[in-house]
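Structure at a glance
Listed below, chain by chain, are the residues.
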Amino acid sequence: MNDISGQKNSVPMMADGHYLEDARDRQIIRASLIGIVINIILASFKLVIGRLSGAIAITLDAVNNLTDSLSSIITIIATKLSLKPADHRHPYGYGRIEYLSSTVISAIVLYAGITSLIESIEKILHPEVPSYSAAAFIVLAVGIAVKIFLYRYVKGTARKTENKALKASAEEARFDIFLSSSVLLAAAFMLLTGLDVEAFIGVVIALLILKSGIELLKEAVDDLLGARIPAELSRAVKQTICTHENALGAYDLFLHSYGPSRMEGSVHIEVPDYLNAVQIDSLIHEVVEDVYKKHSIVLTGVSIYSHNTKNNEAAAIREEIQEMLRDYPDVTEMHGFYLDEAKKSIRFDIVISFSNRKAGRKKSDADRHKEYEEILQRTKEKYPQYSIRVNLDSDVSD
């Protein structure tokens, strides 16, 4: 078995269309550099045209291009810093810097939205009739075409590299397309009707930018705080574990992200109670290696639940308790059940959801513990001949 304890997680390539880590970093930096060059060129032309024509929307469009360049610079710096190897102070490496960079870029998007809104409102209150030239139309049209290319390229790279900062940059490019298109339409509308509506369109675009900035910031903060792992990933990892002989179930999957594609965690697996230490040790090694190969996740801890295989009464009691738990729709799982006949004890774990499914609202800690105490008491009353231990597990994964 390969030693994976010191390896850095990487994104698999080829089969699922993702990049290996070195290629991933190169792709992120390349996309960011292309974005910087394109946005600076577009901003230069638009600033000149905007000042000459007096069109506030074109000037705002140029400013947005400059903020896009700043976002790309931040992405490059963050990518370089995230490559620093682990050290004594940061033993998990610097991968989470990417999450910090996406937070900063989200703030830049919000700032761009606020300034655009202010400028557009000022233009409504103090209108100045712009003078559009043929050059303005050409610059806007070319800018839209270039931005469509940039958006598609950056978005595709963000998806393959799973880079949140690039995703935010792609969103900026998307709104630049909307903004430039609206300016172009407003200019054409004014030439046809004599009515200047660009400031009003600017307000709408600014509000859309603000909405996008808030959503991006929320996603970035979730990454920093430690959001719930995707249900598909959790189920896939558990399924991989359960393909191994003698792995009867996988529970309590904890995964911690130390940057995109760098995940470590722990899990409980249920095994037959007749396995010896050598067999369990071999199973754990196989599971750890298989999960790493298939999901690029390092399982740093694998704990064991024993499963009764020689006690018919244990199987019957397990079924009875599971039937009782159907009275509690917010109990999402029971696992780790074991009946110890020698010690006359029963133990099992339950997971109570953070949500009240019936009421469709969040379930408070007090409500969860009240439900737990009721389940514990009912179990004790039902099996007075046994010592009962019920553990309330955290609802951390599906």
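Each chain has its residues counted from 1, following the order in which its sequence is written. Predicted model: local features are reported for residues with pLDDT of at least 70 only, side-chain atom pairs are reported and counted for 80 or more only, and whole-chain, interface and lining totals are derived from all residues. Neither water nor hydrogens contribute to the side-chain values; these are computed over all heavy atoms in the structure.

Bringing unusual backbone geometry into the picture now. A negative phi angle is the norm for most residues apart from glycine, just as the trans form is the norm for most peptide bonds. Despite not being glycine, Asn-246 shows a phi value in the positive range, around 80°. Where helices and strands are cited, they refer to DSSP runs of H or I of at least four residues and of E of at least two residues respectively, numbered from the N terminus. Inspection of the secondary structure assignment puts Asn-246 in the loop between α7 (231–242) and β1 (249–257). According to the relative accessible area criterion, Asn-246 is partly exposed, its value standing at 24%. One non-glycine residue with positive phi stands out, namely Lys-344, at about 50°. With respect to the secondary-structure elements, Lys-344 resides in the loop between β4 (331–340) and β5 (345–352). Here Lys-344 falls in the partly exposed class, since its relative accessible area comes to 32%. Think of it in three bands: with a 1.4 Å probe and only protein chains considered, a residue is buried below 20% of the maximum accessible area for its type, exposed above 50%, and partly exposed in between.

Further remarks concern the nonpolar core. Here the nonpolar core consists of buried residues drawn from Ala, Val, Leu, Ile, Met, Phe, Trp, Tyr and Cys, with membership extended through side-chain atoms lying within 4.5 Å. Ile-317, Ile-321, Leu-325, Phe-337, Ile-346, Phe-348 and Ile-350 are the most contacted members of the largest nonpolar core, which totals 22 residues. Among the elements of the structure, α9 (312–325), β4, β5, α10 (365–382) and β8 (387–393) are those that each provide at least two residues to this core. Considering every element that reaches this core, the biggest residue donor is α9, with five residues. The next biggest cluster of nonpolar side chains, apart from the first, holds 20 residues, and it includes Ala-250, Val-287, Val-288 and Val-291.

Attention shifts here to helix α4 (residues 134–161). Given a helix with a known number of residues, its expected span is that number minus one, times 1.5 Å. The end-to-end C-alpha separation of α4 is 40 Å, in line with the 40 Å expected for 28 residues at 1.5 Å each. Glu-162 sits one or two positions beyond α4 and adopts a positive phi of about 55°.

This is a description of form; function is not addressed.
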